[in-house]
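# Structural description and commentary
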Amino acid sequence: MDFKQIKANLKKDFSGFKTIKVAILADSATQYLTQAIRGMAYEKKLNIEVWEAEYDAIDITVSDADSELYSFKPDFTIIFLSPYKLKKKFYKNGSSSDFAENSVEHLKQISSTVSSHMNTNFLVFNVPDAFDAIFGNFSGKVTSSFSYQQKKMNMELMNWAQNDAAVSLVDLCGLQALHGAMNTFDSRLYINSDVIFNFDFIITVADNLIQVIEAFSGFAKKCLILDLDNTLWGGIIGDDGIDNIQIGDLGIGKAFTEIQLWAKALKERGIILAVCSKNDEANAKEPFEKHPDMVLHTDDIAVFVANWSNKNDNIKYIQSVLNIGFDSMVFIDDNPFERNIVRTYLPDVCVPELPEDPSEYLTYLNKLNLFETNAYTDEDKERTLLYKAEALRNSASLSYTSEVDFLKSLDMVCETKSFNSFTIPRVAQLTQRSNQFNLRTKRYTDEDVKRMNGDHDKYHTFSFTLADKYGSHGLIGMIILEKKDDGDLFVDTWIMSCRVLKRGMEQFMLNEIMEYARKHKIDNIAGEYIETKKNGMVRNHYKSLGFTAKGGLWYGDVNSYQPKTCYIRNSN
Amino acid sequence: MNTDEILNECTKIFVDQLDNDSITLKRETTAADVEEWDSLSHIQLIVAIEKHFKIRFTTAEIQGFKNVGDMCDTIEKKLNSK
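Parameters and conventions
Residues numbered from 1 in each chain as written. Chains lettered and ligands numbered in written order. Predicted model: local features only at pLDDT ≥ 70, side-chain atom pairs only at ≥ 80, totals over all residues. Heavy atoms only, no water. Salt bridge = Lys/Arg side-chain N within 4 Å of Asp/Glu carboxyl O. Helix = DSSP H or I, 4+ residues; strand = E, 2+ residues; numbered from the N terminus. Buried < 20%, exposed > 50% of the residue type's maximum accessible area, 1.4 Å probe, protein only. Contact = heavy atoms within 4.5 Å. Buried area = accessible area lost by both parts, 1.4 Å probe. Polar contact = N/O pair within 3.5 Å; in protein donor to acceptor, adjacent residues only side chain to side chain. pLDDT = per-residue confidence, 0-100. Pairing = 2+ DSSP bridges. Axes fitted to C-alpha atoms, helices over the stretch in contact; angles between N-to-C directions.

This structure, assessed with the given rule, holds 36 salt bridges over all chains. Two residues, Asp56 of chain A and Lys85 of chain A, come together in a salt bridge whose shortest N-O distance is 3.8 Å. Highlighted residues: Asp56 of chain A in the loop between strand E2 (46-52) and helix H3 (58-63) and Lys85 of chain A in helix H5 (residues 83-92), separated in sequence by 29 residues. Put simply, Glu515 of chain A and Arg518 of chain A hold a salt bridge, and the shortest N to O gap is 3.8 Å. One end of the pair is Glu515 of chain A and the other is Arg518 of chain A, both in helix H22 (residues 505-519) and 3 residues apart, which spans about a single turn. For Arg518 of chain A, a relative accessible area of 34% corresponds to the partly exposed category. Among the charged side chains, a network of salt bridges with common partners joins Asp186 and Arg188 of chain A together with Glu50 and Arg56 of chain B.

Here it is in structure tokens:
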């Protein structure tokens, strides 16, 4: 897409799209970036409203309590310091060796001033690398060189972001490296208008920013589905045999090794891997078990499907096992025919158009940045294990004639707790990512959750873990109760992971909050269902738990409540 | 390419970039005559013209354009010296 097309989007109809408010604080001219963000958002069916601070007036804007910034109440606040202004400042102030620290300190002050007026997520641009023609290659040995300070500043920014949940970084440095600084900059635009990117790169930056924003709104990709022949290895296992497929360090095999390393690294990060291949299962699994150069092993694959059915049907099957949305799946296949079938029948699945030459696969996939995220928790690292245990449970369930016997056999234990500093990141992640078993779909950041959790007069929070004889599910449920003025407890948030459906977990959770309400002499618990495209499965949640409808809400009577039967033990 | 042809090509670029069919450039046309032609879209137009003719203006040239005719003359000069 070029800038003209993106700009033409501005005149189109954004109604019906989700609205997200973004403020830009910058010390360079950002009018084009503003247009690009809104225009690009149209492509992703988002209505991003952008408010731009006056040119080069960051400090004045944030320190003015009456600033439009604060009445605009942006969901996201971009702080973008021009690398050229930074450089100018660096040389004007006599090349100081604490430049990086001071610059990040300044950014921290800006963010804390803003935070004292409103809650917002900060998106802070890091600083692009620049070849230092002052000291040349020697600059690494000189702490007072700009090159050294710029790199140090990026480190300091990362340290800041790691310790402040409200701050996310936008990796401008990485993005510019990917596209090449020479292709992203137009010195005349900069000199004449203080615009520091050319039009093509402005679009790239806008696209990248929206990816970061999307990751906050439950759009994250969770699963990578891989074809095998000519995608994970060169050649056709059924025809060529295990000795002749191409993988390893030689020739084109290297390209496939790299793809596997990529998939493995994603798996370690928490992306679920699945295989979907037209093959006999035994043939398909053989390289995973026996080929010495395979990076991926059967343990890495949560769902392995190799048969001769249509790929769209097989992906539907994978979806049903994992219980995640089609729009959180990415499907990689070298065959254009298979890609198109999946696109046609499952339009929500992301199907990248792979280049023809396998040696270009990875460069292409890297450029797409398919797996943007806004969190990384301990749970993520264990995810494949969790889904594999789930597959074991599923096969065990078939051997029991009654569901009750099966549930009893699982020996389930739940730990219920208020949120704490360990669980808050996971809890916030659940609010951002859960789409199906989510009654009101309120998205909260770490900061939001922390604030609610600290407000004991108004909120009471519950997190639930579940473990059974096959392993731990981790933290799979959460409830936030809000005390209303009329004395009722309102269920602000009720989320459960779809991994633990049909375990009696809902009943257990209800028992817990009813018990809490009884202890605190509360008569009613009020719940609300807010319909979205994805949470149809909980439409009758309160009804089936015995609540009665009144004025758009559902009421559960605490005093007459009889605890529901379930086969989950409380660990407390 | 003669001056009229260049003027024609430029009109096409303006129509395309500014998304407005009613634009017809004359040599005397200035930014004041075209509604969408503001300082923002100006740079967009310059970049598009450079791409189309595979030329590159200097900052001094861009700042020296008094009207479309000036710009076309500069384009012509650059094309001839290629």
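There is more to say, and it comes next.
Residues and elements named next belong to chain A. Within the fold, Phe219 resides in the loop between helix H10 (199-215) and strand E6 (223-226). Owing to a relative accessible area of 35%, Phe219 belongs among the partly exposed residues under this scheme. Remark: the alpha-carbon pair of Phe219 and Glu372, spanning 153 residues in sequence, is separated by 9.2 Å. Leaving out residues up to four positions away in the same chain, Phe219 has contacts with Leu46 and Glu214.

Each partner contributes to the interface: chain B provides 17 residues, whereas chain A provides 16 residues. Both sides of the chain B and chain A interface together cover about 1300 Å² of buried area, and 47% of this is carbon and sulfur. Taken as a group, Leu40, Ile43 and Gln44 of chain B account for 41% of the area that chain B buries against chain A, more than any other trio of residues on that side. Counting the contacts that link chain B with chain A gives 5 salt bridges. Linking chain B with chain A are 5 residue pairs in polar contact (both at pLDDT 80 or more), by the criterion used here. Broken down by element, the residue count for the side of chain B that touches chain A peaks at 8 residues, all from helix H2 (residues 39-53) of chain B.

Looking at chain B, the pLDDT average stands at 90 and 100% of residues meet or exceed 70. For chain B, per-element mean pLDDT is lowest for helix H3 (residues 59-64) of chain B, which scores 85, and highest for helix H4 (residues 68-80) of chain B, which scores 93.

The next subject is the environment of Glu35 of chain B. Turning to its location among the elements, Glu35 of chain B is positioned in the loop between helix H1 (3-18) and H2. Once the C-alpha coordinates of Glu35 of chain B and Asn8 of chain B are considered, the two residues, 27 residues apart in sequence, prove to be 19 Å apart.

Two pairing modes exist for strands in a sheet, parallel and antiparallel, and in both the strands are linked by backbone hydrogen bonds. All names here are of chain A. Strand order in the open sheet formed by 8 strands is E15-E16-E14-E13-E12-E11-E10-E17, and the pairing between neighbours is mixed. Whereas interior strands pair on both sides, the edge strands pair on one side only; in this sheet they are strand E15 (548-550) and strand E17 (568-570). For this sheet, the mean inter-axis angle between neighbouring strands, taken without regard to orientation, is 30 degrees. Bridging between strand E12 (residues 471-483) and strand E13 (residues 489-496) involves 7 bridges; their strand directions are antiparallel. Note on E13: the bridge partner recorded for Gly477 is Met496. Lying on the sheet, helix H20 (residues 424-433) is in contact with strand E11 (459-468), E12 and E13; it crosses E12 at an angle near 80 degrees.

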